[in-house]
Amino acid sequence: MTSMELLAGRSFLPGSAGAAAAGRDRIGGPCFAASLAVGRQGSGQRRGSLRSTATVGALAERVVVTPAPAERAGSGAATPEPHPQSVAARAVVTVRRRRKEDAKQRVVELLDAYADRVGRSVLLELISTETDPSKTSAPAAAASATRPAHLALGIPRCVASSNCTRKGGPKKSKRSGLVGWFEKKDVKAERVVYTAEFTVDAAFGEPGAVTVLNRHTREFFIESIVVEGFPSGPAHFTCNSWVQPSRVDRNPRVFFTNKPYLPSETPPGLRELRRQELTHLRGDGAGERRTTDRVYDYDVYNDLGHPDKGAEFARPVLGGEQLPYPRRMRTGRPRTVTGKRAESRVEYPEPIYVSRDEEFEEGKNEMLSEGALKALLHNFMPLLVSSVSPDIRDFAGFHDVDNLFKEGLRMKQALQDQLFQKIPFVRKIQENSEGLLRYDTPDIIKKDKFAWLRDDEFARQALAGINPVNIERLQAFPPVSKLDPAVYGPPESAIKEDHIIGQLDGMSVQQALQDNRLYMLDFHDIFLPFLDRINSQDGRKAYGTRTLFFLTATGTLKPIAIELCLPPMTDVCKRAKRVFTPPTDATSNWLWQLAKAHVCSNDAGVHQLINHWLRTHACMEPFIIAAHRQMSAMHPIFKLLKPHMRYTLKINALARQILINGDGVIESGFTPGRYCMEMSAFAYRELWRLDQEGLPADLIRRGMAVEDPTQPHGIRLLIEDYPYATDGLLLWSAISRWCDAYVAVYYPDDVAVQGDRELQSWYTEAVQTGHEDKRDAPWWPRLSTPSDLASLLTTLLWLTSAQHAALNFGQYPLGGYIPNRPPLMRRLVPAEGDPEYAHLVADPHRFFLSALPSLTQTTTFMTVIDTLSTHSADEEYLGERPDEEWTADPTALAAAREFADDVRRAEEEMERRNADTARRNRCGAGVLPYELMAPSSGPGITCRGVPNSVTI
């Protein structure tokens, strides 16, 4: 075989499959022209075994017959039976190399290559799906003691389908060394293909697993393995995983075939290996985790504070009876000196533990590094300017805000000359970083610079903005609080009929309620318990707000009243509840603008702390951890979930380092300050329910829709032009059909669902351990029927893809212009007679800006949401699976193709809607189209794109 053939990993002999596949390598790894080996055992007629006979890659099928030895003359002994036939097979291994390496890493790589020349250092072994009666497998240890979910379910330790197999271990090949490591040491390609040769007994069966032993000095990343040469056709192993050197992990790494197997259908040769792999992933729950580990386990949020630095840096533990919260990935770091329950912190950029395969790939890390450089420059100049010129810590006028997008932050010439003389390198920064010092213009002011000032835009963003999931239909007037009146005063709102009657187009309040024309943003109950503590912080001022809207005949909303509430200081405290209505003069106009800014600040906090972080990041983490602990990579449901779990554990770990931690970005940037995460825990305890997290259930809960079986989605929206809901229902329905079709392939009846031990253990553990503080809630969905399973999966896929995208990727495009949506407020709204009221009347424009975040707060916040709104180049979007060999099941692949078509059709419909002038909440002069649910996107900040998973 030529060196070119070795490099490509396939044969170019006439009639081989290699030539036919030559054009497909650009999508990653060697691609093969052969048909998939799609059969699955143990399923009877429901899923028959289909086998490929095509040759693949570098090796055609061949059978080697070893002749029998000659009979000994005169021995009189029986003629010995001939040696069995043997099969020559080859494993084609695609290894992905790092694109960038420092000198030390390159030296280590060369040492590994030279060591490989002396003796093969990477050894592969094939494991058959069949057992060898002459062998005895390792006893099934009582490792089930590490399986708390099974114990909670009352499942016995000895499970006949896997744990009790003691005799008849799997058939195994002899270990074979990977060929070509030294020869290809200088190949510059990102993906390099190596091979290993095997000769096995013809009765070996088909390979169901491959083990890899790495005797190199360092880890390497295997993308895929294809084993060729067996009569059953090529066996595909989707790996996408790091293999640690044997000095780190002496056990060979196991990779299973891409054929899906339910636990009860696991071939005999793989049963014990399946159990052992899950035991390894669960770990023993003890000790500090190393960055090279692949262990998944749970812990409470006890690493957000840093009590050893001082009492002001301590933060309460989230998770437990006092502050219920979902569990996070356990790291096992030692406790702090001063806090018995607090775990010691690892400060960014030091790595924080997640299972090795959950780490970001190079493309993602490069995007974050670019963002970090931009952040450094964006934050350096404002801090420098404010430190040497205190008089410009606040914006003097709206032109100062606009200049951030036109030319970046500029200093007065006299100040520049003085500063450049003292710190010469500052001139170089300003001269060489012109583009990086300037902020991108947010979409919200591109089409209409003053749209944010309009009441109709303020209302439109409740339906099509960053946080379109809090608007609810008003079902009783006046609104009533659910908080304890003994603590927080009378529960009724101060908004009276007289405040709004003139805004109802001639209707009475009762008629408007009956006709579904009144809607509300209600942040009263979530903020009020925290307001005394929030407002005692320097530079933080907040209310608990209620905003009423009226649905006009054109289908748009208009705000008709805003209520700003503080905890009452006395029983007759008049300042506790203030009501503002649309302005009638200049002074009331500025008071109205300040009231709207406080509503937006409430909205920003609830969006980030509850709807975004809690509901799509934190609450999904236990389901991801449990999936890795309880479901084998061969499990069909694990295969379905896998793309929707990508990067989430890593991004959540980073959030604990720099976003939600004490004195982190969230505390610094949002009004609740150091009480941000306590507010998030309050919302988890009082509001979060998995059974109401699906889109239709959420819309019905908020009164935005009613059940209607005549409608395509089973519900009827009460505001027809509700962009988040109308586009969301397209994707929800596509996801639902996909999950229904996929589940139907593997679960024909209730017994199949109830009898799937891995599936039941996954869900039970996610609830009982991952959401331990709510484990006894009566509303948890059942998992007893195929319909239950499809519904659960639809909700999880929705939350990790479309829901997260709708709440995340508009943050900079819609929230980057701070006056439109201030994340924090520094002043209350003055009342007539207050000292500050005179300042408002004398200079309302300056007073308004002084109530918004400061210069450094603004630029820091903009820098962070710039990164959070960015798609990386390696993003994988809804309906896409870059790995073409993710399953060998043709029925599942057909359903996946239909899902991709559904997603494409949904995107086309969204484009038509954005061009429909009758839809005034998404089309019109100065109105942004609603694209946050549009599935596809390029890299960067695009205000669109629905990744499969929570990746940022």
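The structure this text deals with has already been given above.
Described below are features of the structure shown in this document. (Residues numbered from 1 in each chain as written. Predicted model: local features only at pLDDT ≥ 70, side-chain atom pairs only at ≥ 80, totals over all residues. Heavy atoms only, no water.)

Our next topic: the pairing of strand 10 (residues 253–256). Of the two faces of strand 10, the one holding Arg253 and Phe255 and the one holding Val254 and Phe256 are both buried throughout. As defined by bridge partners, strand 7 (residues 207–214) adjoins strand 10 across four bridges and the pair is classed as antiparallel. Across the sheet, residue Ala209 finds its bridge partner in strand 10, namely Phe256. (Buried < 20%, exposed > 50% of the residue type's maximum accessible area, 1.4 Å probe, protein only. Helix = DSSP H or I, 4+ residues; strand = E, 2+ residues; numbered from the N terminus. Pairing = 2+ DSSP bridges.)

Looking now at the side chain of Asp727. Here Asp727 is to be found in helix 24 (residues 723–746). Within the local environment of Asp727, its side chain forms a polar contact with the side chain of Arg922, the two groups lying 2.7 Å apart. Those residues in contact with Asp727 that lie beyond four places of it in its chain are Met910, Arg913, Arg922, Tyr930 and Met933. (Polar contact = N/O pair within 3.5 Å; in protein donor to acceptor, adjacent residues only side chain to side chain. Contact = heavy atoms within 4.5 Å.)

With that settled, consider the pattern of salt bridges. A side chain of one charge can pair with a side chain of the opposite charge if their charged atoms are brought near each other. Scanning all chains against the criterion turns up 66 salt bridges. Among the salt bridges present, the one from Arg689 reaches Asp691, with a minimum N-O distance of 2.7 Å. By relative accessible area, which is 28% here, Asp691 ends up partly exposed. A salt bridge links Arg922 to Asp727; the nearest nitrogen and oxygen atoms lie 2.7 Å apart. Of this pair, Arg922 sits in the segment after helix 32 (890–914) while Asp727 sits in helix 24, placing them 195 residues apart in sequence. Asp727 shares its class with Arg922; the two are buried. Because the salt bridges share partners, they merge into one network encompassing Asp303, Arg328, Arg333, Glu343 and Arg656. (Salt bridge = Lys/Arg side-chain N within 4 Å of Asp/Glu carboxyl O.)

The next thing to look at is the sheet that holds strand 15 (residues 544–551). The strand order 13-14-15-16-17 describes an open sheet built from five strands, whose pairing is antiparallel. Here the strands that pair on one side only, and so sit at the sheet edges, are strand 13 (472–473) and strand 17 (577–580). As defined by bridge partners, strand 14 (residues 518–522) adjoins strand 15 across five bridges and the pair is classed as antiparallel. Bridging across to strand 15, Leu518 finds its partner in Phe550. Together, strand 14, strand 15 and strand 16 (557–565) form the strand contacts of helix 11 (residues 455–464), whose direction differs from that of strand 16 by roughly 85 degrees. Along the sheet, helix 17 (residues 586–618) makes contact with strand 14, strand 15, strand 16 and strand 17, crossing strand 16 at roughly 80 degrees. (Axes fitted to C-alpha atoms, helices over the stretch in contact; angles between N-to-C directions.)

Let's shift gears to unusual backbone geometry. In this chain, Tyr348 is followed by Pro349 through a cis amide linkage whose omega measures 10 degrees. Of the consecutive residues Phe477 and Pro478, the connecting peptide bond is found in the cis state with omega at -5 degrees. Positive phi, normally seen in glycine, also occurs at Tyr647, with a value near 70 degrees. With respect to the helices and strands, Tyr647 occurs in the loop between helix 19 (636–641) and helix 20 (648–658). Here Asp663, not a glycine, exhibits a phi torsion of approximately 65 degrees, which is positive. Positionally, Asp663 belongs in the loop between helix 20 and helix 21 (665–669).

Moving on, we get to the environment of Ile952. Inspection of the secondary structure assignment puts Ile952 in the segment after helix 32. Put simply, Ile952 and Leu868 are 84 residues apart on the chain and 6.0 Å apart in space, counted from C-alpha to C-alpha. Among all residues touching Ile952, those that are not within four sequence positions of it are Lys364, Met367, Leu368, His612, His617, Ile651, His804, Asn808, Phe809, Thr867 and Leu868.

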